[in-house]
Amino acid sequence: MAAQHHHHEHSGHDLVHAAESALTQAGEQWTELRADVFGALAGHASPASAYDIADEVSAKRGKRIAPNSIYRILDLFVTNNLAMRVESSNAYLANSHPGCLHDCIFLVCDECGEATHIDNDAVSKTVRSLAEAADFKPERPVIEIRGLCAECR
Ligand SMILES: [Zn+2]
Ligand SMILES: [Zn+2]
Ligand SMILES: [Zn+2]
């Protein structure tokens, strides 16, 4: 992970494009179903569960899509940096920077459920080296802070 890089946060249509190109560059197909799942996910400001996404995609396509298929696609998105799993909410968020990899830190509001995300490579690098110092190979640091957002205080 380079200390200096051109960090780009995307939103809206631009985000969908960035996600599509990140996935196809990884050698995966951007199918219509995957595009619908990403579109539904990107429409949420708060973390969405696979069930929420399954309902929305089913409604859009006019046919029932099993939550299991949605889980597989969401996992594929997480593996390829298109989405983030917010562990403490058991839910997913579209990644606003699919082109660059960070151990995102989430601030999750206990009241409204909204998750704000910050990137701080110095913090995540420290967490990774603490794990390594304890003879543990860190694959995916999960850093989440529960509390109250400005709106809910
Ligand atoms: Zn970046
Ligand atoms: Zn991030
Ligand atoms: Zn809140």
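Residues numbered from 1 in each chain as written. Chains lettered and ligands numbered in written order. Predicted model: local features only at pLDDT ≥ 70, side-chain atom pairs only at ≥ 80, totals over all residues.

1. Side note on the packing of helix α3 (residues 50-61) against helix α4 (residues 67-79)
Two quantities define a packed helix pair, namely the angle between the helix axes and the distance between the axes.
Here is step 1 of the chain: The contact between α3 and α4 brings their axes to 9 Å, and the two run at 110 degrees. As judged from the angle between their axes, α3 and α4 are roughly perpendicular. Relative to α4, α3 is oriented so that their crossing is right-handed. Contacts between α3 and α4 pair Ala50, Tyr51, Ile53, Ala54 and Val57 from the former with Pro67, Ile70, Tyr71 and Leu74 from the latter.
Here is step 2 of the chain: Along the lines of polarity and charge, the residues of the contact of α3 with α4 split into nine nonpolar, no polar and no charged. (Axes fitted to C-alpha atoms, helices over the stretch in contact; angles between N-to-C directions. Helix = DSSP H or I, 4+ residues; strand = E, 2+ residues; numbered from the N terminus. Parallel < 35°, antiparallel > 145°, perpendicular 65-115°, else oblique. Left-handed = near helix turned anticlockwise from the far one by under 90°. Contact = placed C-beta atoms within 7 Å. Nonpolar A, V, L, I, M, F, W, Y, C, P; charged D, E, K, R; others polar.)

2. Quick notes on the domain arrangement of the protein chain
For an interface, size is often stated in terms of accessible area lost upon the parts coming together.
Here is step 1 of the chain: Domain annotation of the protein chain identifies domain 1 (12-94) and domain 2 (105-147).
Here is step 2 of the chain: Centre-to-centre separation of domain 1 and domain 2, based on C-alpha positions: 22 Å.
Here is step 3 of the chain: Every contact between the two is made by eight residues of domain 1 and, on the other side, eight residues of domain 2.
Here is step 4 of the chain: A breakdown of the residues in the side of domain 1 that touches domain 2 according to their chemical character gives four nonpolar, three polar and one charged. (Domains from an automatic or database assignment.)

3. Let's talk about the UniProt feature "binding site: Zn(2+)" (unreviewed entry) in the protein chain
Here is step 1 of the chain: Taking the UniProt record as the reference, the feature "binding site: Zn(2+)" (unreviewed entry) is found at Cys109, Cys112, Cys149 and Cys152. In terms of the greatest pairwise C-alpha distance, the residues named above, spread along 44 residues, form a tight cluster of at most 8.2 Å across.
Here is step 2 of the chain: Structurally, Cys112 is set in the loop between β3 (105-109) and β4 (115-118).
Here is step 3 of the chain: The exposure class assigned to Cys112 is partly exposed, which follows from the 13 C-beta atoms found within 10 Å.
Here is step 4 of the chain: Ignoring any residue separated from it by four or fewer positions in sequence, one finds Cys112 in contact with Cys149, Glu151 and Cys152.
Here is step 5 of the chain: Looking at the element boundaries, Cys149 is found in the segment after β5 (143-147).
Here is step 6 of the chain: Ignoring any residue separated from it by four or fewer positions in sequence, one finds Cys149 in contact with Cys109, Cys112 and Glu114. (UniProt positions renumbered as here; feature names shortened; annotations may be inferred. Buried ≥ 20, exposed ≤ 12 C-beta atoms within 10 Å, placed from the backbone.)

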